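Listed below, chain by chain, are the residues.
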Amino acid sequence: MSHTPTQVRDTIHRVCMASYQRQLDLLQSAQLVSAPTSRENLQLLLHANAVSTQEPLPDISDEKLTAFTDMETEIEQTQTTDDLRNTRNSLISWLSEFHGEDFSEETVENSRSTDLGLNKRMRDELFLTRGKIRSTRRRLKDSGQDYDHQAYVSTRNQLLFVQRTYLEQLRMDLAKATHEGIAQVERILHPAILEATGDTFVASLSNLRDFILEQISAPAEV
Amino acid sequence: MMLARFFCTVLITASCFLIGKPALLAQYLSNDLNRLATNVATAQASPSDSQALDELIATLAYYAAAPNTDEAAKLASGPLLLAHYADNPAMVQFFNEQGLDTLLRNYEPSDTLDFGFLRARGRESFLRRPEAVDLFSTNGLIDVSKIQNTYNAPRPPLDNALGLAAKDASTPLSTEPDASYISTALTGLSDWISRRAQEELTVTFLNRLREQIRENELDHLFPETANYLPSLNLINYKSILPSLRLAFARDLNALSLNLGNFLYALDADSFTDPAVYNLFLVYRLLDLGARDVPLSEILAFTYGELTETRRNLRRSIDLQLADQARTSQRFGPVRDSYRRQVDRLAALEEEFQQAKLELENEYLLIEDREDGFDLLAPLDSILLPVIDYNYANLLFPDDKAPEVIFGWLFGKQPLDYYLDNPSLSRYDQLFGPDRDSLSERDLIAAGLTGVRELLAMRDRPHQLYLNLLAAREAIDDLKERVELQDRPEPTLLSIKETLNERLVLEQTYFRHKEADSLQLQFLRNLLAETLIDQTDKDMVRRELMSISDRLDAFSEEKAEPSPNYRRMHPPVPPPASYPELETLLTSVEVEFNQLQESLSAYSREFAGDRIRAHRNAANFETVFGLGQQMFFLLYDQEEPAFSLSGEVEVAPSILLEQQFANTPAADLTDFAPTGKLTSYLLDPAINPLVRGLAYERLSKVPGLGSLNAPAMGRLLMDFTEGLYEYKAAYEADSTANKVERRIRLVHFITSTVSSIVEADILADPLVPGRAFSLANHLPGFSSLPDINDQLDELFAHTQRGDYRYAVSNLVKLVDLFNIIPEPNRRQQRLIDERDTYLEELRDAQPTPADLVLEDLALTTGEAISPDRMQYLESEIDRLEDRLDRLDTTRMSRNRQQLFLYGTFMADVASAESPEAFAGALDAVALPPGSSQLKRNKPFSLELNAYFGINYAEEQLNLPNDFNAAEAGISDRSGSISLFVPVGLSLSWKGSYTQKSSYTLFFPFIDLGAVSAYRFDLGQSQNIERLPQFTFQNVFAPGAHLMYNFAKSPFSLGAGVQYGPSLRRINLDGSPDLDVSAVRFMLSLSVDVPIFSFTNRP
């Protein structure tokens, strides 16, 4: 094996996040990501995490890793969510070979953290995001302030997609909320949505989306 | 009447126009009723009159939400108001009868409706529920410092509160006798015929009074007398009579107030017994009323005090339980059950959050449409309560997360939780210079309080679930409508093709059934002849639809429709549901039962009495809450009109504050008069509205449960009559002195409480049409009306100086309070047993207050079985029956003694003349006719007098050296005299059937002895015919055997008696010689028993 464990981990993370990012890019239509699609994306991250967090890392041949890396190009070329689903399933199959964990729906559902702490606080806050968006939209409408509706729909859909993933990761303790992160949401990002004008509304959503995406894409600790 | 209302409203409306805003000038009952009636009439005549409907909505929203103006503004919508009043039967009747259900169904008021105007400050003062610091800051007449001190000072020990309240309510007396009474008293005494005997009797009686007072805790009832008597030498009672009378008068004057101390001394628990607590509240109200505190403030203060009491009790309950936490086996199960429940609630919370998330997504997608906001707006009332709800920590308030309470239950601060949720205030609380130094006990108590708060919200998850289901259903329906709306209208060609396809499939399926096949072929041919390129497209469409309908009818007739038809018409899906959520809800409910059971067992063992007291205070809170709402509703005083011209740029609320800054709080003159209310109630169109508004307001009282709409009219009338009786008394005699004012106030308080407690305002949710009152429903409240009646009379009689009547009331109250003087062991055992059953029965009966008790239930929440209930009731009856029969003599003797001594004190205190004073003493002597006692009883012992005549052979005891013959006198002679001896008589009968009786009489004085007249006139001119009137001459010890004639006061007797002690013999030129005599006597006299030692009346 010519790759170091770090390189392998980085590769796995990069390819999986590319798939995730591609899913985000495809979210331009008015449709929100369905619950099954959300679950599949989460599954991919769970499998990636399961492989990456092993110590020592399983023996992955160069050939195998190259096949995995090649899928990154495939991902970039997908034009529909159905195409992306096929690639994602291939990624999951590849990853499944290198760990023995069960990520069936039932298992995931029941794998609740016993020590929620900060994660619970972050989740409680994020569950309020939709309400804040609603409230601001009403306010903007009542006050006659305009904004780019298409950009709003697209950004909001992406936000809600990444938020859903993050909520699950927090629930399962696969992500760790921090005091700084919580304060960022509570004191800056959410108030920004609530107080947004027509000009800043979409940006306030994308700021929250980017913040959450950053939390999701942070490599799992080993 | 309608015309008058119309003009009234026209005036109001006209003034609104002048102001230029859709303002409602004032809110008070008659104005509002008139306005509503006129607006209804206008809206019926002209449904497009938005102003009438706006005002209607504004007024109804005001009654639904006052004093919360924001809440009223939220309700200001036709559909929302209809939904809000849907549970109010009287209002539903009103809406239906007036056609408002149709008018309001889709009506939204104009945007300019400004709810800042919905303020009636004087009226809203009745709804105040001030915190301690807010109390009494507006009225300069009030003894602010006293009341604030009372309120803010540390609470007195709970078990002495009654006595303190009684003390507070006492004010200096107005009817104390003056000091000049001494002459009257002495003059009266001088007229007493058997003065000496009666004096002895009086002393004896006073001694017995002193003992009785001491023995029966009467010293609390008659404290002045009790303080005065023991320090006196009663032998010299004449000199102290005026002061004694003063003490009597003071005690009797304060009798109704001393009753509280008396009950306390008898161990009556002020807070657990509603009857006693009622007394306590009457004192508090009286105290405030006597200080000229306005009615609204009295209500607010009392309400605040009740709440404070309940909170204090609440704190003390959990502190008391925390004391046992270390040692009690019952505490562990509470903690374990709580931990399990927290886990279950966390899972439930997660399910709710996910369900909310899905619902929000659907909402957002619909909102994205161009018409999204318009589509969603009508559903806001259903959807927003679900998607705007914060499910975090589901049932826990912000500062008491599950982990916090769990930490407290272990007596520790939940530091891990605080580390995850840091704040400066928390830091200061934990580490700052003024940090809380909470003991382990304090923390456990706080934890227990948290557990109770959690239990108090046990119904909320189910309600949240119902909301969720309703929201889900609403959004599903909306989605379906939107899909239909979005679907392009099919072309005629596609309809025809689809129909043809269906017909082919059906015909294939039914090909073996000739008749069906023929029927289907008929339709196919018909379809073939329906040409879609005809000019009249609508007609073609109708024809196609008719064929489709017939094909549907064909398929529906079949027992087994074709697979194609079944595919086209799948079974109706079940209503929206969340199976996982339902499972979790069930498990949460099960654990709540477990938690409540373990907490109840723990509480019952260590704090049962305090919990009952807490319950009691909460029940009275309900009663006072009802009072507040009634006063608010009946408020009918037009408040100063205000206007907002365009020139004044001041927020309405600020302007209102300025205008009402000096408005005194509402008082009795501000309520709808009886006649006005009657006219409303007799108007069939308005009657349901009035009852509906009453229903609406009373439903604001926490925890009352289902209300009985028909009873609202009666309650309103009773209440109004009470108010006007009180008001009329003022108007008739505005110069009434303080005492009269207090009497009226007590009457008003007691009758108002009774009218609330006795009104059939509660409806049985299980038996439609069955209604009951708080007196029926609340444990221990049934005797309140009787007690209040007696208390009212007692107070009036004592204050007016009608003490004799007051004593009757007192004895009745002692009965009503079920006071048993010094129960013996057996009685005590029966009492304890009865109380145990009573407690179980009362604890098991849910009370309205249970809903606001923050779950201080003493039971597991499961209803007591009817069999057990019946058993408890029968046991209580049996034990009370035994108690009644047990030692009845002693019981009735106690009551009689109370009556005897009370009336004696009353008569003495009321005596304004010598005759009256003599009458008082007469009353405690045996009454006329008591001579029959010794003729009817087998044995008796009396202090007795006789009044009659006797013939006696008198033997003078001359000195030995005295020569009677030389002196020319005889030492023996017959004499006739009055026979008025006083002494002890011992009487008996030979048998039970004997009508007459015998008496052995031992006189010690004889007032008639001084009248002994010697017959020997010739020889005894040197001897006084009549002895001189000295004590020695009335001192006449002796013995007589008397025969008492049956059915007659006469007695025939024979006996010997010493005296008259001295007769003076005047020998010529010699000094006087005093000699004594012994008399052998025959007597015929009237039997006058003075005092019986064995037969008391």
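For the structure given in this document, a descriptive report is provided here. This one's a predicted model, so the numbers in the text were calculated from it and none came from an experiment. (Residues numbered from 1 in each chain as written. Chains lettered and ligands numbered in written order. Predicted model: local features only at pLDDT ≥ 70, side-chain atom pairs only at ≥ 80, totals over all residues. Heavy atoms only, no water.)

Our next topic: the overall build of chain B. When helices and strands are counted, chain B shows 46 helices and 11 strands. Buried residues in chain B amount to 52% of all 1097 residues. In chain B, the share of contacts with a sequence separation of at least 24, taken over all contacts with a separation of at least 6, comes to 77%. Split by element, the accessible area of chain B, about 50000 Å² in all, is 54% carbon and sulfur. (Helix = DSSP H or I, 4+ residues; strand = E, 2+ residues; numbered from the N terminus. Buried < 20%, exposed > 50% of the residue type's maximum accessible area, 1.4 Å probe, protein only. Contact = heavy atoms within 4.5 Å. Areas by Shrake-Rupley, 256 points an atom, 1.4 Å probe, with all protein chains shown as cover.)

Once that is clear, we can look at the pairing of strand β5 (residues 981–988) of chain B. Residue and element names in this part refer to chain B. Inspection of the sheet shows strand β3 (residues 939–957) paired to β5 by seven bridges, in the antiparallel sense. Paired with Ala 945 across the bridge in β5 is Val 982. Bridge count between β5 and strand β6 (residues 997–1006): eight bridges; the pairing is antiparallel. The residue bridging Trp 988 from the neighbouring strand is Tyr 998, located in β6. (Pairing = 2+ DSSP bridges.)

Taken together, Glu 473, Asp 477, Glu 480 and Glu 483 of chain B make up a surface patch of like negative charges. Its place among the elements puts Glu 473 of chain B in helix α26 (residues 460–486). (Patch = residues over 30% accessible without salt bridge, like charges linked within 9 Å, V, L, I, M, F, W, Y side chains within 5 Å. Salt bridge = Lys/Arg side-chain N within 4 Å of Asp/Glu carboxyl O. Lys, Arg positive; Asp, Glu negative; His and termini not counted. Charge placed at Lys NZ, Arg CZ, Asp CG, Glu CD.)

For the rest of this paragraph, the subject is the environment of Ala 64 of chain B. All names here are of chain B. With respect to the helices, strands and loops of the structure, Ala 64 is situated in helix α3 (residues 50–65). A residue is classified by how much of its surface remains accessible, and Ala 64, at 4% relative accessible area, is buried. Beyond its immediate chain neighbours, meaning those up to four positions away, Ala 64 contacts Leu 75, His 84, Tyr 85, Glu 696, Arg 697 and Lys 700.

The next point concerns the pattern of salt bridges. Overall, the coordinates contain 43 salt bridges over all chains when judged by the stated rule. A salt bridge links Lys 64 of chain A to Glu 97 of chain A; its shortest N-O distance comes to 2.7 Å. Taken together, the residues Lys 64 of chain A in helix α3 (residues 62–77) and Glu 97 of chain A in the loop between α4 (81–96) and α5 (105–110) connect sequence positions 33 residues apart. Close ionic contact of Arg 134 of chain A with Asp 388 of chain B constitutes a salt bridge, the shortest N to O distance being 2.7 Å. In this pair, Arg 134 of chain A is assigned in helix α7 (residues 129–142) and Asp 388 of chain B in the loop between α21 (380–387) and α22 (402–409), connecting two distinct chains. Classification of Asp 388 of chain B by relative accessible area gives partly exposed; the value is 47%. Ionic contacts of the salt-bridge type, sharing partners, join the residues Glu 40, Asp 82, Arg 85 and Arg 88 of chain A into one network.

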